[in-house]
Amino acid sequence: MPNKHNYWTQQREDGKWESKREGSDRASKVTDTQAEAWKYSKDHARGGKGEAFLKGRDHKIRERNTYGNDPHPPKG
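Every chain begins its residue count from 1, and numbering advances along the sequence as written. Given that this is a predicted model, residues contribute local features only at a pLDDT of at least 70 and side-chain atom pairs are listed and counted only at 80 or more, while totals for whole chains, interfaces and linings are drawn from all residues. To obtain the side-chain values, all non-hydrogen atoms of the structure were used and water was disregarded.

**Q** Describe unusual backbone geometry, and please don't skip the residues or the numbers.
**A** Despite not being glycine, K49 shows a phi value in the positive range, around 55°. Positionally, K49 belongs in the loop between helix 1 (34–48) and strand 4 (51–55). When a residue's accessible area, from a 1.4 Å probe over protein chains only, is under 20% of the maximum for its type it is buried; when over 50% it is exposed; and in between it is partly exposed. Classification of K49 by relative accessible area gives exposed; the value is 62%. Although it is not a glycine, H59 sits at a positive phi angle of roughly 70°. Positionally, H59 belongs in the loop between strand 4 and strand 5 (61–66). Here a strand is any run of E in DSSP of at least two residues, a helix any run of H or I of at least four, and the numbering for each starts at the N terminus.

Take a look at the structure:
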């Protein structure tokens, strides 16, 4: 089941970068740079206490940030 507080950043076929809320058909924001789309995803995931995922050009998850209830908090 999709979590509406999670955001995904990935490159589109046209070369632009998009930030998309999990489960959504359309992008929430389309930008020219990866940095802009990634910032948007992190900001919105932080506001909803969700997760932000960054997919590289190879479509593998390159970075992941959790906000709010982290299921595996570090000790110490």
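Next comes the rest of the account.
**Q** So what about the pattern of salt bridges? Which residues, and what values?
**A** By salt bridge we mean one thing: a side-chain nitrogen of Lys or Arg within 4 Å of a carboxyl oxygen of Asp or Glu. One pass over the structure, following the stated rule, counts seven salt bridges. The shortest N-O distance in the salt bridge between R12 and D14 comes to 3.4 Å. D32 is paired through a salt bridge with K16; the nearest N and O atoms lie 2.7 Å apart. Of the two residues, D32 sits in the loop between strand 3 (29–31) and helix 1 while K16 sits in the loop between strand 1 (7–11) and strand 2 (17–21), which places them 16 residues apart along the sequence. By relative accessible area, K16 is classed as partly exposed at 34%. Where salt bridges share partners, they join R12, D14, E18 and K20 into one cluster.

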